[in-house]
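The chain contents come next:
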Amino acid sequence: MSERRACRLTGLNRSTKRYVSIKHPEDEAIAKRMIALAARWKRFGYRRINIMLEREGIKINHKKAYRIYKASGLTLKRKVKRKNYEKRGTPTPVSLVPNVRWSMDFVADKTAYGQRFRIFTLIDEATRECLALEVGTSITGRKVTMFLNKTALFRGFPKEILSDNGSEFTSNAMNHWTYEKKVDHIFIDPGKPMQNGFAESFNGRLRDECLNQHWFKTVTEAREILEDWRHDYNSIRPHSALNNLTPNEYTQELRKAL
């Protein structure tokens, strides 16, 4: 069968069939230099290697650089970080054991002079204890992990934490913290704050009994007043859901029963 007929039957262009790859002699020299650079800087990708070549006077476009880089077997394996996003939606009921699940959220307020600040709230769902009330004008995911580590110094780390889908809770810093500490992070469904009911209920009490009762002059004053209120909430204020015991008293009862 002739070449013309075979190409017509297979739908292959004759010029494509006759094409012979031409390897330029300088490509081999470039590949050797790329391998040498990659051996020294093992985490450099082809773009950085190409910049290093340009500094040495070897100028090629990024497409050719990528082709030679890939043909030389220098393609980097991307490091995939594990994300603990498996659990989402309505959480299972928490057991009556302290330190199993912590719930966290944010509350916003402002001083008498209009300076806005945020309050990071952290509670233990089993005992209703307020573990932290951290005040700041800017609270990032990294600061949230600092607050959690600070609480864990006297409580230990929980098995689970529950939060909404705010940027502070879905940040890389938070993801790294949950993976490192082996803590399951449960996210509620977007737009359904009732799935984080313990935190929302606590935030309502915080707003009604503290924030609406004070006119903070400064953020520092707000931090001091909130810490005093947290102490009263845990040690003095009776909780109707705990048979009118305080969270601290209820925690002691649970520990005796275990």
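What counts, and at which threshold
Here the residue index of a chain counts from 1 through its sequence in written order. At least 70 in pLDDT is required for a residue's local features to be given in this predicted model, at least 80 for side-chain atom pairs to be given and counted, and no such filter applies to totals for whole chains, interfaces and linings, which use all residues. In computing side-chain properties, one takes all heavy atoms of the structure into account and sets aside hydrogens as well as water. When DSSP locates at least two bridges between a pair of strands, those strands are taken to pair. A run of H or I in DSSP counts as a helix once it spans at least four residues, and a run of E counts as a strand once it spans at least two, with each numbered from the N terminus. A fitted line through C-alpha atoms serves as each axis, taken over the contacting stretch for helices, and the angle formed by two N-to-C directions is quoted from 0 to 180°. Here the term buried applies to any residue with accessible area under 20% of the maximum for its type, exposed to any over 50%, and partly exposed to those in between, with areas from a 1.4 Å probe on protein chains only. Note on contacts: a residue pair qualifies if any of its non-hydrogen atoms lie within 4.5 Å across the two residues. Under this scheme an angle from 65 to 115 degrees is roughly perpendicular, one under 35 degrees roughly parallel, and one over 145 degrees roughly antiparallel; angles in between are oblique. Helix crossings get a hand from a simple test, with the near helix turned counterclockwise from the far one by less than a right angle marking a left-handed crossing and a clockwise turn marking a right-handed one. Residues are grouped as follows: Ala, Val, Leu, Ile, Met, Phe, Trp, Tyr, Cys and Pro are nonpolar; Asp, Glu, Lys and Arg are charged; every other residue, Gly included, is polar. Two cysteine sulfurs form what is called a disulfide whenever their separation falls within 2.5 Å. Two rings from Phe, Tyr or Trp (for Trp, the six-membered ring) form a pair when their centres sit within 6.5 Å of each other. Planes less than 30 degrees apart are called stacked, planes more than 60 degrees apart edge-to-face, and all others tilted. Here a salt bridge means any side-chain nitrogen of Lys or Arg lying within 4 Å of a carboxyl oxygen belonging to Asp or Glu.

Looking now at the sheet that holds strand β3 (residues 130-136). Taking strand neighbours across the sheet as the criterion, the five strands line up as β3-β2-β1-β4-β5 in an open arrangement whose pairing is mixed. Of all the strands in the sheet, the pair left with one neighbour each is β3 and β5 (184-187). For this sheet, the mean inter-axis angle between neighbouring strands, taken without regard to orientation, is 20°. Taken together, the three bridges between strand β1 (residues 101-110) and strand β4 (residues 160-163) define a ladder with parallel strand orientation.

Take S163: it is sitting in strand β4. Given a relative accessible area of 0%, S163 falls into the buried group. The contact partners of S163, leaving out residues within four places of it in the chain, are M104, F169, H185, I186, F187, I188 and N196.

Right, let's get into the packing of helix α8 (residues 197-209) against helix α9 (residues 219-235). Where α8 meets α9, the axes come as close as 12 Å, and the angle between the chain directions of the two elements is 120°. If you check the angle between α8 and α9, you find them oblique. α9 is crossed by α8, and the crossing has right-handed handedness. Only L226, W229 and Y233 of α9 make contact with α8, whose side of the interface consists of F202, R205, L206 and E209. Partitioning the contact of α8 with α9 into residue classes produces five nonpolar, no polar and two charged.

One non-glycine residue, R128, lies in the positive phi region at around 65°. Examined against the element boundaries, R128 turns out to sit in the loop between β2 (116-124) and β3. Of note in this structure, K182 is not a glycine but carries a positive phi near 60°. Summarising the element assignment, K182 is placed in the loop between α7 (172-181) and β5. Given a relative accessible area of 73%, K182 falls into the exposed group.

What follows concerns the state of the cysteines. Applying the stated criterion to the full structure yields zero disulfides. The thiol sulfur of C130 is not disulfide-bonded, and the nearest other cysteine sulfur, from C210, lies at 10 Å. Owing to a relative accessible area of 1%, C130 belongs among the buried residues under this scheme.

Next up on the list: the packing of aromatic side chains. Counted by the stated rule, this structure contains 10 aromatic pairs. An angle of 75° between the planes, with centres 6.0 Å apart, marks the rings of F117 and F216 as edge-to-face. You can see F117 sitting in strand β2 and its partner F216 sitting in the loop between α8 and α9, a full 99 residues away along the chain. The buried category is assigned to F216, whose relative accessible area is 1%.

This paragraph deals with the pattern of salt bridges. Applying the stated criterion to the full structure yields 16 salt bridges. In this structure, E3 engages R18 in a salt bridge whose closest nitrogen and oxygen atoms are separated by 2.7 Å. With E3 in helix α1 (residues 3-10) and R18 in helix α2 (residues 14-18), this pair connects stretches of sequence that are 15 residues apart. We classify E3 as partly exposed; its relative accessible area is 26%. The shortest N-O distance in the salt bridge between E160 and R101 comes to 3.0 Å. Of this pair, E160 sits in strand β4 while R101 sits in strand β1, placing them 59 residues apart in sequence. Each member of the pair, E160 as well as R101, is classed as buried. Here the salt bridges share partners, and the residues they tie into one network are E3, R14, K17 and R18.

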